[in-house]
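Structural characterization, general
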Amino acid sequence: MPELPEVETVRRGLEPAMVGARLVAVEQRRPDLRFPFPDAFSERLAGRRIVALGRRAKYLLADLDDANVLVMHLGMSGSFRVESRGSENSPAPSGPQKNTAHDHVIFALSTGARVIYNDPRRFGFMHLVPRDALAAHPLFKTLGLEPLGNELDGAALARLFAGKTTSLKAALLDQTLVAGLGNIYVSEALHRAGLSPRRAAGSLARKDGAPTERAHRLAKTIREVLEEAVAAGGSSLRDHRQTNGALGYFQHSFRVYDRELGPCPTPGCDGVIRRITQSGRSTFFCGVCQR
């Protein structure tokens, strides 16, 4: 499933095309994806202007000029592509192309561009939610802090994890604590921080609740990994594509994820990358330099 960097990459690709444009028409080609589309979905969107395009955790949020928000989730295989006027005659990006049979929603914009949602597995979804009800909506009311926002620092991690005996990896994947982190980037951040994924999450806070040096270090590496991944266009392991059809390439910078039995890249470390299972998911780490 796309993680925060992939969703943020998509948001940045869609923003220039969508913000300020009016939705001339919306073609909905099936009644549902993971969930049914809202009633009169196309009719409610037609004529609306997109005033902002944001992101909360792994959700894309298009603010409309009628005070509603179009909430979009990519699911497992969802992607957007932007086709500008005349782009159908442009060379296609390298690599396998999307099967247009899975183009389920087409947004025709007043600029002449089209934004097309493609989803082979149909595990994504779209909702319309009033802006003033968004924070209390079931999808959003329990979400934790944004790891790319100003709130994430060592003190925040110590406050969130204090007293928790669960593993550090499990705590970082808990969306009610930190929103948007996934398996790939948690593994990468923990390795950079030199912290074992099996370490108790509560060990990042002192007895008085103050953050340890480890908490500050981890907060810094989480931000660094996410920012580098966004700059690289995310990680394309299976379905993720940028809105121009190009692949992301952060997967070429993985230090531990999917690197089982490879040498640890930490300078001076002679460890080997191991894979274990935590809560049913693979964890990749070095047992020598991650403590």
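For the structure itself, look to the data block above.
Figured I'd write up the structure that's included with this text. Just so we're clear, the structure is a prediction, and the values are computed from it rather than from any experiment.

On to the overall build of the protein chain. Scanning the protein chain for helices and strands turns up 6 helices and 10 strands. The C-alpha radius of gyration computed for the protein chain amounts to 20 Å, which stays within 12% of the reference 19 Å derived for 291 residues, consistent with globular compactness. For the protein chain, the spread of C-alpha atoms along the principal axes amounts to about 55 × 40 × 30 Å. In the protein chain, which comprises 291 residues, the share counted as buried stands at 52%. Taking the intrachain contacts of the protein chain between residues at least 6 apart in sequence as the baseline, contacts between residues at least 24 apart amount to 65%. Carbon and sulfur atoms form 49% of the exposed surface of the protein chain, whose accessible area is close to 13,200 Å². Once the 40 positive and 30 negative side-chain charges of the protein chain are each reduced to a mean point, those two points are 5 Å apart.

Our focus in this paragraph is the pattern of salt bridges. Pairing is possible between side chains that carry opposite charge, provided their charged atoms lie close to one another. Going through the model one piece at a time under the given rule, you end up with 18 salt bridges. Among the ionic pairs, Glu 146 bridges to Arg 56, the shortest N-O distance being 3.1 Å. Highlighted residues: Glu 146 in the loop between strand S8 (125-130) and helix H3 (154-161) and Arg 56 in strand S2 (residues 50-56), separated in sequence by 90 residues. With a relative accessible area of 12%, Glu 146 lands in the buried category.

Next up on the list: unusual backbone geometry. Leaving glycine out, the prevailing phi sign among residues is negative, and the prevailing peptide bond configuration is trans. Backbone geometry at Arg 122 places phi at a positive 55°, although glycine is not the residue there. With respect to the helices, strands and loops of the structure, Arg 122 is situated in the loop between strand S7 (114-118) and S8.

Side chains of residues three or four places apart in an α-helix project in the same direction, reflecting 3.6 residues per turn. For helix H5 (residues 183-193), the tally of buried residues reaches 10 of 11 residues, placing the bulk of the element in the interior. Along H5, the residues classified as buried are Asn 183, Ile 184, Tyr 185, Val 186, Ser 187, Glu 188, Ala 189, Leu 190, His 191 and Ala 193. Along its buried surface, H5 packs onto helix H1 (4-18), helix H4 (168-173), helix H6 (213-231) and strand S10 (281-286). Positive phi shows up at Gly 194, right after H5, with a value of about 70°.

This part is about the state of the cysteines. Inspection of the entire model under this criterion finds 0 disulfides. Here Cys 269 is not disulfide-linked; the sulfur of Cys 286 is the nearest cysteine sulfur, at 3.7 Å. This cysteine, Cys 289, is not joined by any disulfide, and Cys 264 carries the nearest cysteine sulfur, 3.6 Å off. Judged by relative accessible area, which is 22%, Cys 289 ranks as partly exposed.

Bringing the pairing of strand S9 (residues 273-278) into the picture now. Successive side chains on a regular strand alternate, one facing one side of the sheet and the next facing the other. Pairing of S9 with S10 involves 6 bridges; the strand directions are antiparallel. Note that in S10 the partner of Thr 277 across the bridge is Ser 282. Following S9, the chain reverses through 2 residues before pairing antiparallel with S10; Ser 279 in that reversal takes a positive phi of roughly 55°.

A few words on the sheet that holds S8. Spatially, S2-S3-S4-S8 is the arrangement adopted by the 4 strands of the open sheet, whose pairing is antiparallel. If you trace the sheet from one side to the other, it starts and ends with S2 and S8, each paired once. When strand polarity is set aside, the average angle formed by the axes of neighbouring strands in this sheet is 20°. Bridge analysis of strand S3 (residues 59-64) against strand S4 (residues 68-73) gives 5 bridges, and the strand direction is antiparallel. The residue bridging Leu 61 from the neighbouring strand is Val 71, located in S4. With respect to the sheet, H1 is in contact with S2 and S3, its orientation differing from that of S2 by roughly 175°.

Conventions and cut-offs
Here the residue numbering is sequential within each chain, running from 1 through the sequence in written order. Owing to the predicted nature of the model, reporting of local features is limited to residues with pLDDT of at least 70; listing and counting of side-chain atom pairs is limited to 80 or more, with chain, interface and lining totals taken over all residues. Note: side-chain values were computed over all heavy atoms of the structure, leaving out hydrogens and water. The numbering of helices and of strands both runs from the N terminus, where a helix is a DSSP run of H or I of at least 4 residues and a strand a run of E of at least 2. Atoms counted for the radius of gyration: C-alpha only. Globule rule: 2.2 Å times the number of residues to the power 0.38. Each residue's exposure class comes from its accessible area (1.4 Å probe, protein chains only) as a fraction of the maximum for that residue type: buried when under 20%, exposed when over 50%, partly exposed otherwise. Any two residues whose heavy atoms approach within 4.5 Å are treated as being in contact. To measure how exposed things are, a 1.4 Å probe is used in the Shrake-Rupley method; for residues, cover is taken only from the protein chains shown. The charge count treats Lys and Arg as positive and Asp and Glu as negative. His and the chain ends do not count. Charge placement uses NZ in Lys and CZ in Arg. For Asp and Glu, CG and CD serve respectively. Here, a salt bridge means any Lys or Arg side-chain nitrogen found within 4 Å of an Asp or Glu carboxyl oxygen. We call a pair of cysteine sulfur atoms a disulfide whenever their separation is within 2.5 Å. Note on pairing: DSSP must find at least two bridges between two strands before they are called paired. Axes here mean lines fitted to C-alpha atoms, for a helix over just the part in contact, with angles spanning 0 to 180 degrees between N-to-C directions.

Such coordinate-based values are descriptive only and should not be taken to indicate function.
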